[in-house]
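What follows is the residue order along each chain.
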Amino acid sequence: MAASSSVDFAHAWVMAPAAADQWLVILPVALSLGFGAALMMMRHAIRLHAIVAIIGLSILVAVDFLLLGRVLAGGPVTMMMGRWLPPFGIAFTVDVAGALFALTAAVVALVGAVYATKDIGVSGRRYGFYPFLMVLMAGVSGAFLTGDIFNLYVWFEVLLISSFGLLILGSEREQIDGALKYSVLNLIGTTLFLIAVGYLYAIFGTLNMADIARKAIEHRGTAPLMTLGALFVLAFGMKAAAFPVNFWLPASYHTPRIVVSALFAGLLTKVGVYALLRTMVMLFPVEGEALSLVIGIAAAATMVLAAMGALAQADIRRMLGFVVIAGIGNMLAGVAIGGNPGLSAAIFYALHSIVLMTALYLLAGEAARIGGSFSLAGLSGLYAKAPGFAALSLALFFAASGLPPLSGFWPKAMLVKSAIDIGAWWLAGSILLSGFLLTIAFGRVFLLAYWRPAPEAVPVTIETIALAPPVEAPRFSALAPILLLSALVVWFGLFPEQLIGWSRIAAEGLSNPAAYLQSVFPEGGAQ
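Numbering of residues starts from 1 in every chain and runs along the sequence as written. Local features are withheld for residues below a pLDDT of 70 in this predicted model, meaning they are given only at 70 or higher, and side-chain atom pairs are given and counted only at 80 or more; totals for whole chains, interfaces and linings count all residues. The side-chain values count all of the structure's non-hydrogen atoms but skip hydrogen atoms and water molecules.

Draft legend 1. Focus on the overall build of the chain. Numbering of helices and strands starts at the N terminus; helices are DSSP runs of H or I of at least 4 residues and strands are runs of E of at least 2. Of the regular secondary structure elements, the chain holds 22 helices and 2 strands. For this measure, only C-alpha atoms enter the radius of gyration; the expected value for a globule follows 2.2 Å times N^0.38, where N is the number of residues. The globule rule puts the C-alpha radius of gyration for 527 residues at 24 Å, and the 23 Å found for the chain is close to it. Considered along the principal axes of its C-alpha atoms, the chain spans approximately 95 × 60 × 40 Å. To measure how exposed things are, a 1.4 Å probe is used in the Shrake-Rupley method; for residues, cover is taken only from the protein chains shown. Taken as a whole, the chain presents about 20,600 Å² of accessible surface, with 72% of it coming from carbon and sulfur. Positive charges come from Lys and Arg, negative ones from Asp and Glu, while His and the chain ends are left out of the count. In this description, the location of a charge corresponds to atom NZ of lysine, CZ of arginine, CG of aspartate or CD of glutamate. If you average the places of the 26 positive and of the 23 negative side-chain charges in the chain, the two averages end up 8 Å apart.

Put into structure tokens, the structure is as follows:
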């Protein structure tokens, strides 16, 4: 006892009590897991699931908003799990980039939960839609807020497990087929990520991101960091659905319930983009710059081929899958361009895409409900049936095509200017060509599904009533979530200065992580 009492725990533990703002860092994950567990325990009261989940996600939005305000005002915040001094133990470190992504993800999850009150029936709730959604948000929030690269892998696993459950709700043959392709190819990407993490630990002897960023300078030239960087690019490129490892997305995103597709399109690929930004910009900037040409070529191929794929589709859900991929190409273009202009454009585009793609999938679900089909061959006359809904659709189509004055215009303009500034005319041309092709693709949808007159009404008889569902007006309960997301798209299109400013601060924090490192290793702390 005498020997143990002489141990100075200050050399291993954080002795000072955690400040209130430090608890904000882990609260999003704790809230999501806590509400998910509560919903699981309420499995015999599924009628209450939606209310509880919406309350939980509303609190999550408020917490993430407070967290963003804290890091904007005072810089990055770190909390060490188990009171271990860094680099030992798991660090949760949040900067402006992580807080922006976490807040945007929470907003679209809340909107999805509200839309699901009409889209997910009793069977889907019984099989756990809302608990899976909360666990998904735990994984997404953890990925955006962690400061430990192995912990990032863990949160990837959490969100993948929950996404598998959401994907097969309904257990239809098409869903099982899509889930198989989704799971196998994502597990390959996860395996590559795990191999890269093991390789990284063998080189650095640490998994703390701030510690890796410091030690990378010392190991450069003596360790195979280029190989390590290439592994991360490949692994996160597959997670983000970048060419040529993106074939899993169009094979699976059209199969689940439309609200599930919307959440996947808004959230999952963006976690891959965020992880790529965090590793190749903050941890391995020299290797990221050396691989920029490869990333740029992949970005150009991703956005152009995806836009061509969107043109070739006759099903709105399948088309939107290719639109998601085209957006990933634009984000990768920003990573390839680098510097504050390119990175801020990539972050702006990612935040815009999270909101827009969720809105577009929900919009497609409502269009199919009104028109009776997701196929362009079966959709027609939507403008005559619901002119206000058609105007809302056109606004979102403009945003997805990158046309002014909506939010999709600004990050594309920033990307094109940044590409021209560094002499990458071919990349700027790819961005413009992709936008042009997407404009044609969405124009085709509007012409066929909205402007094309509906066929003459068939007299309702016993023989035809099963074939011709009654035409319904858009439901307010479904339109309200879409309108909220559309309002964000319009707001950041008309008044982009605030989001551009935040994106620039986030990009600066990634490319110059001195404040991030200071948060983890304060002066006088463990080195």
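Draft legend 2. Spatial organisation of the packing of aromatic side chains. Within 6.5 Å between ring centres, the rings of Phe, Tyr and Trp (the latter by its six-membered ring) count as paired, and their orientation is classed by plane angle as stacked under 30 degrees, edge-to-face over 60, tilted in between. Under the defined criterion, the tally for this structure stands at 26 aromatic pairs. On the numbers, 5.4 Å between centres and 75 degrees between planes, the contact of Phe 446 with Trp 451 is edge-to-face. On the accessibility criterion, Phe 446 (7% relative accessible area) is buried. A network of ring pairs unites the aromatic residues Phe 150, Tyr 153, Phe 156, Phe 193, Phe 204, Phe 232, Phe 236 and Phe 284 as a single cluster. When the NZ atom of lysine or the CZ atom of arginine is within 6 Å of a ring's centre and also within 35 degrees of its normal, the charge is said to sit over that ring. Over the aromatic face of Phe 374 sits the side chain of Arg 317, whose NZ or CZ is 4.1 Å from the ring centroid. Using a 1.4 Å probe on the protein chains alone, a residue whose accessible area is under 20% of its type maximum counts as buried, one over 50% counts as exposed, and one in between counts as partly exposed.

Draft legend 3. Region of the structure containing the packing of helix H11 (residues 258-283) against helix H14 (residues 316-337). To obtain an axis, a line is fitted to C-alpha atoms, over the contacting stretch when the element is a helix, and the angle between two such axes runs from 0 to 180 degrees between their N-to-C directions. With their axes 11 Å apart at the nearest point, H11 and H14 run at an angle of 15 degrees to one another. The angle between H11 and H14 falls in the class roughly parallel. For the element pair H11 and H14, the recorded crossing hand is right-handed. Where H11 abuts H14, its residues Ile 258, Ala 265, Thr 269, Lys 270, Val 273, Leu 276 and Leu 277 lie against Arg 317, Val 324, Ile 328, Met 331, Leu 332 and Val 335. Looking at the contact of H11 with H14, its residues break down into 10 nonpolar, 1 polar and 2 charged. Angle categories are assigned with fixed cut-offs, so that under 35 degrees is roughly parallel, over 145 is roughly antiparallel, 65 to 115 is roughly perpendicular, and the rest are oblique. By definition, turning the near helix anticlockwise from the far helix through less than a right angle yields a left-handed crossing, and turning it clockwise yields a right-handed one. Throughout, a contact is declared for two residues whenever any of their heavy atoms are within 4.5 Å. Charged means Asp, Glu, Lys or Arg here, nonpolar means Ala, Val, Leu, Ile, Met, Phe, Trp, Tyr, Cys or Pro, and polar covers whatever is left, Gly included.

Draft legend 4. Structural detail: the pattern of salt bridges. The term salt bridge refers to a side-chain nitrogen of Lys or Arg lying within 4 Å of a carboxyl oxygen of Asp or Glu. The tally for this structure, following the rule as stated, stands at 7 salt bridges. Taken together, the shared-partner salt bridges in this structure form one network comprising Asp 211, Arg 214 and Lys 215.

Draft legend 5. Fine view of the packing of helix H3 (residues 49-74) against helix H4 (residues 96-119). The contact between H3 and H4 brings their axes to 9 Å, and the two run at 160 degrees. With respect to H4, the axis of H3 lies roughly antiparallel. Two packed elements cross with a definite hand, and for H3 against H4 that hand is left-handed. The segment H3 lies against H4, with Ala 50, Ile 54, Leu 57, Ser 58, Leu 60, Val 61, Asp 64, Phe 65, Leu 68, Val 71 and Leu 72 engaging Val 96, Ala 99, Leu 100, Ala 102, Leu 103, Ala 106, Val 107, Ala 109, Leu 110, Ala 113, Val 114 and Thr 117. Partitioned by chemical class, the residues of the contact of H3 with H4 number 20 nonpolar, 2 polar and 1 charged.

Draft legend 6. Representation of the pairing of strand S2 (residues 91-94). What you see with S2 is no split at all: Ala 91 and Thr 93 on one side and Phe 92 and Val 94 on the other are buried throughout. Two strands pair under a simple rule: DSSP has to find at least two bridges between them. Two strands pair when backbone bridges link them, and strand S1 (residues 77-80) and S2 are joined in this way by 4 bridges, in the antiparallel orientation. Its bridge partner being in S2, Met 79 is matched across the sheet by Phe 92.

Draft legend 7. Expanded view of empty space enclosed by the protein. Cavities and pockets are found on a 1 Å grid laid over the protein atoms alone: a cavity is a set of points where a 1.4 Å probe fits but cannot escape, a pocket is an open set with protein on both sides within 12 Å along at least five of seven lines, and a lining residue has an atom within 4 Å of such a point. Grid points are joined across faces, edges and corners, and a volume is the space filled by probe spheres set on the points. Taken as a whole, this structure holds 3 cavities of 30 Å³ or more when the rule is applied. Along the walls of the largest cavity sit 13 residues, with Ile 316, Leu 363, Ala 364, Phe 397 and Tyr 450 positioned nearest its centre. Put simply, the parts of the chain that give the lining of the largest cavity at least two residues each are H14, helix H15 (339-371) and helix H19 (425-451). Looking at which element gives the most residues to the lining of the largest cavity, the answer is H15, with 4 residues.

Draft legend 8. Here's a closer look at H4. Every helix has an expected span of 1.5 Å times one less than the residues it contains. Taking 1.5 Å of rise per residue, 24 residues should cover 34 Å, and H4 covers 34 Å from first to last C-alpha, within 8% of that figure. Buried residues dominate H4, accounting for 21 of its 24 residues.

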